[in-house]
Amino acid sequence: MFTLDAVLALFLVLIMITAITTAESQVQSVYKTKMRMGELGDANAMLKLLRTVPLSQLVPASVIQDWESGPDPVLNLTLVTPDMSPLEIAATYWAVSPIYPGQDYRKKASVILGYILNSTLRGYNYELLINNWTNAFMSKGAYNYSLAKDVSSATLVLSGYAYNQTPRGYVARAFLSKLKAKVTSYVYQGDYIATQHSGKQIQITYIIPTSQFPSNTTILNVAWYVEPAYTFSYYDVYLNGQSLDDCLSSSSGLVGYGDKLTSDSCPELVTLVQNAVDSGSDSEFTAVVYKSNQISGEDGAQYIVINYSTSQASTFRYPHHYYFADVRANDSIHIEKYVFVPGNLTDLSIKIAGEHIKFVKASIRVYGIDSESFTLINEGGYFVADNATLASVVEQMGFNYSDLSGTYFTILLNVTWDGLGELHLDGRNSYVYADYIPFTAMSLYSVDITRIISNYSNKTEYDDTGFYRDVYWYWDIPEYATPLYTTFQFPWLHIIGPNSPCMQRVSILMNSSTNSWETLYYAPTYNTFISAFARWGYTRVTRDYQGNPIENALHGGLNSLHLEFGSCYYVSPENALASVVYLLNAYAPYGNVKPYLMQGYPNIKAYNLTYAYDVGGSVEYGSIIVGDTKAIASGEYANITACQLDPDKYAVDDAVLRLFKNLGGDGCTKPVLVDLGDTMISYVSLPGVPRSISPITVTLRIWRVGG
């Protein structure tokens with residue numbers, strides 16, 4: 001029954017920044033200086049973790065089961081639950097301890113907090129104080145912290161309800177049991193893949209993991225954009241073995257700058273993908289490309305987008321294996337693999353599998369700078385480069401893994417054919433592996449949404465080609481959503497000429513009301529970074545080209561990306577791929593004290609609530625049960641609409657409205673972004689809570705063992 005002040009309810013940023021969770025064992029020596037520099041933020045990150053992440057995600061299920069059992073359990077389920085954060089539990093126990101002095105709730109709170117601190121802060125001493133009170137469970141260290149170096153300290157203020165104050169009221173929290181439907185997208189971005197010699201045909205198959213889609217998935221539409229590595233190449237296209245050549249714009253299969261297959265003009269796309277989902281199979285999008293007098297392949301702006309609906313709340317998984325396409329050719333091939341890591345990178349490796357491969361040479365491109373090439377080692381028939389090799393290469397370039405975090409970098413591969421048979425790069429077993437600590441944590445109640453960004457404006461076209469050098473993209477993020485990242489992929493033209501100024505600028509909108517912008521990249525003249533500009537991406541916290549951190553680069557409300565180039569560089573906004581990923585939260589914790597529990601209580605114990613939702617571009621209306629279904633069966637319920645909720649008087653109304661806001665709207669004038677359907681909103685209330693509020697201060701100090 002305790003909440004942080006509103007400002008402290010911000011989502012977890014840079015969770016367990018560098019040193020806390022990885023400690024010494026996972027951090028290479030090249031990062032130790034940066035880790036030491038980051039320690040001053042560790043205590044703050046740890047407190048945010050304890051305040052934000054549910055206990056069930058921080059402690060093993062067996063430990064929680066032990067805490068719930070016995071005659072005097074550590075977790076009293078009448079007061080708290082494992083889906084509350086540890087500090088919510090601790091603050092609840094702190095306030096009720098004067099009411100139940102024999103239960104020693106303060107000690108129980110310290111047992112919970114001490115377990116997490118001790119298992120997480122290995123290699124560190126610490127001291128946690130609640131209103132200047134601590135005990136042996138919440139402290140570790142053989143000497144006074146004042147003698148230690150680099151002590152990290154942070155303080156939070158919890159809003160606790162004071163004991164023995166009047167008048168009394170109710171607080172409530174609400175959460176969803178499941179969804180009926182949400183609409184989201186699967187986005188696949190292609191890489192540069194081409195033969196190394198002229199007049200050689202290449203077959204490229206993109207393996208889309210539709211076997212991993214939820215079983216109740218309904219495919220809504222599909223888009224497949226192809227782009228030749230050399231303009232005006234010939235294409236044959238297949239999906240799951242069925243030819244789709246009739247869906248190409250040219251009956252001859254000749255593709256100039258690019259061609260888009262959509263389910264509007266090619267309904268087989270939806271049918272074939274839906275059949276794959278229903279049978280638990282992957283979908284294989286195959287392009288056979290040929291250019292008689294030039295190299296054959298695709299240029300790196302090709303993509304596949306699958307929009308679908310599902311009742312599964314959580315469908316997004318942070319990527320760690322960045323798979324290559326499956327490639328067949330009677331020639332050596334060149335590949336540029338674009339990798340975007342939405343977190344603090346800790347480990348990187350490469351594995352190439354296939355047949356008739358003689359050897360593989362690689363290099364890394366960071367901020368447009370290519371490393372010296374290195375050779376992958378043949379181990380057991382696979383060509384590999386381990387983390388030590390790649391970390392050393394990055395260090396030799398003058399960078400470290402922090403420079404690769406939260407941005408695109410490129411792995412460039414030259415795969416040499418042995419000439420004895422068809423070269424085959426096995427797309428199911430070839431990948432770049434990246435391990436990292438995500439900048440933003442997902443919880444059990446996270447509802448992920450991936451949206452395609454389709455709004456843009458442009459000017460200064462190049463020669464009626466549909467390519468422009470001054471383009472804005474616009475998109476909205478719900479106010480209460482948690483942004484994860486946004487990525488862009490551009491078909492591009494690079495015009496070389498003696499009088500072609502090549503200024504390049506990338507900017508983002510920080511505040512629409514003040515029209516304030518932040519420059520992420522700027523170069524007044526030509527340079528190699530932008531010479532093959534095909535990608536841009538960033539997270540909520542990003543950096544500009546000078547290394548300066550930018551907070552809230554992604555934020556609730558209107559966002560915009562602006563590309564501005566000189567007359568030698570152009571992109572095609574119509575065929576670009578832009579998307580954003582954000583989280584909705586299907587959980588609203590205890591709120592402020594209200595005079596009453598719910599409308600009509602105690603005769604009314606549940607609502608049949610009508611609300612507005614929008615999952616496909618149009619507003620619809622549905623109803624959902626709030627409370628116990630037994631009250632519906634017994635007739636102890638009221639039919640109301642979301643517009644009739646009164647959060648100032650009723651604790652349940654307040655909890656439901658806060659839940660709706662977490663889901664992107666209010667269910668009345670602003671529709672929520674998921675269909676709750678015939679599911680149920682569960683609520684838990686605490687009666688007799690004093691309305692008066694007194695603050696509880698939590699302070700954490702961290703310092704390294706041995707000073």
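That block above? That's the structure.
This section reports on the structure supplied with the text. (Residues numbered from 1 in each chain as written. Predicted model: local features only at pLDDT ≥ 70, side-chain atom pairs only at ≥ 80, totals over all residues. Heavy atoms only, no water.)

1. Topic: the packing of helix H5 (residues 86-96) against helix H6 (residues 105-120)
Piece 1. Where H5 contacts H6, the axes come no closer than 8 Å and their chain directions differ by 165 degrees. Relative to H6, the element H5 is oriented roughly antiparallel. Here H5 runs over H6; the crossing is left-handed. Contact with H5, carried on its side by Pro-86, Leu-87, Ile-89, Ala-90, Tyr-93, Trp-94 and Val-96, involves Tyr-105, Arg-106, Lys-108, Ala-109, Ile-112, Leu-113 and Ile-116 of H6 and no other residues of that element.
Piece 2. In terms of residue class, the contact of H5 with H6 is built from twelve nonpolar, no polar and two charged. (Axes fitted to C-alpha atoms, helices over the stretch in contact; angles between N-to-C directions. Helix = DSSP H or I, 4+ residues; strand = E, 2+ residues; numbered from the N terminus. Parallel < 35°, antiparallel > 145°, perpendicular 65-115°, else oblique. Left-handed = near helix turned anticlockwise from the far one by under 90°. Contact = heavy atoms within 4.5 Å. Nonpolar A, V, L, I, M, F, W, Y, C, P; charged D, E, K, R; others polar.)

2. Examining the pattern of salt bridges
Piece 1. Counting across every chain of the model gives 17 salt bridges.
Piece 2. The salt bridge involving Arg-173 is made with Asp-83; its shortest N-O contact spans 3.5 Å. In this pair, Arg-173 is assigned in strand S5 (residues 168-176) and Asp-83 in the loop between helix H4 (61-68) and H5, connecting sequence segments 90 residues apart. Note on accessibility: Arg-173 and Asp-83 belong to one class, buried.
Piece 3. Residues joined in a network through salt bridges with shared partners are Asp-282, Glu-284 and Arg-428. (Salt bridge = Lys/Arg side-chain N within 4 Å of Asp/Glu carboxyl O. Buried < 20%, exposed > 50% of the residue type's maximum accessible area, 1.4 Å probe, protein only.)

3. Some words on the nonpolar core
Piece 1. Trp-473 and Leu-561 are the most contacted members of the largest nonpolar core, which totals 118 residues.
Piece 2. When residues in this core are grouped by element, the largest group, seven residues, is from H6.
Piece 3. In terms of nonpolar packing, the next biggest core, distinct from the first, is built from 82 residues, Phe-374, Val-393, Met-397 and Leu-413 among them. (Core = buried A, V, L, I, M, F, W, Y, C linked by side-chain atoms within 4.5 Å.)

4. Observations regarding the sheet that holds strand S6 (residues 182-189)
Piece 1. Read from one edge of the open sheet, four strands run S6-S16-S9-S13, paired in antiparallel fashion. Two strands lie at the open edges of the sheet, namely S6 and strand S13 (259-262), each paired on one side alone. Pairwise comparison of adjacent strand axes, ignoring direction, gives a mean angle of 15 degrees for this sheet.
Piece 2. Contacting strand S9 (218-226), S13 and strand S16 (303-310), helix H7 (residues 268-279) runs over the sheet at an angle of about 120 degrees to S9. (Pairing = 2+ DSSP bridges.)

5. Quick look at the state of the cysteines
Piece 1. Inspection of the entire model under this criterion finds three disulfides.
Piece 2. Disulfide pairing is shown between Cys-502 and Cys-568; the S-S distance is 1.7 Å. Note that Cys-502 is positioned in the loop between strand S34 (492-494) and strand S35 (504-511) and Cys-568 in the loop between strand S40 (557-565) and strand S41 (569-571), a separation of 66 residues in sequence.
Piece 3. Classification of Cys-502 as buried rests on a relative accessible area of 6%.
Piece 4. Between the sulfur atoms of Cys-643 and its disulfide partner Cys-668 the distance amounts to 1.9 Å. Torsion about the S-S bond of the Cys-643 and Cys-668 cystine: about 100 degrees, corresponding to right-handed handedness. Of this pair, Cys-643 sits in the loop between strand S46 (637-641) and helix H11 (651-662) while Cys-668 sits in the loop between H11 and strand S47 (680-690), and the two are 25 residues apart along the sequence.
Piece 5. Accessibility expressed as a relative area gives 25% for Cys-668, which makes it partly exposed. (Disulfide = S-S within 2.5 Å.)

6. Quick look at helix H8 (residues 387-396)
Given 3.6 residues per turn, any residue in an α-helix points the same way as the ones three and four places further on.
Piece 1. Turning to H8, its buried residues are Asn-387, Leu-390, Ala-391, Val-393 and Val-394. Across the axial projection of H8, the buried residues extend over an arc of 160 degrees, all falling on one side. With respect to the buried face of H8, the exposed residues turned more than 90 degrees away are Ala-388 and Gln-396.
Piece 2. Contact partners of the buried residues in H8: strand S20 (343-352), strand S22 (357-366), strand S24 (374-375), strand S26 (382-385) and helix H9 (401-404). (Arc of directions from axis to C-beta.)

7. Some thoughts on the pairing of S20
Piece 1. The buried fraction of S20 amounts to nine of the ten residues, a majority that puts the element mostly inside the structure.
Piece 2. Across eight bridges, the pairing between S20 and strand S29 (residues 431-438) is antiparallel. Along S29, the bridge assignment pairs Leu-345 with Tyr-436.

8. Some thoughts on the packing of helix H3 (residues 42-52) against H5
Piece 1. Contact pair H3 / H5: the axes reach a minimum separation of 4 Å and the direction vectors enclose 75 degrees. Taken together, the axis directions place H3 and H5 in an arrangement best described as roughly perpendicular. Across the interface between the two elements, Leu-47, Leu-50 and Arg-51 of H3 pack against Pro-86, Leu-87 and Glu-88 of H5.
Piece 2. Looking at the contact of H3 with H5, its residues break down into four nonpolar, no polar and two charged.

The values are spatial; any link to function lies outside them.
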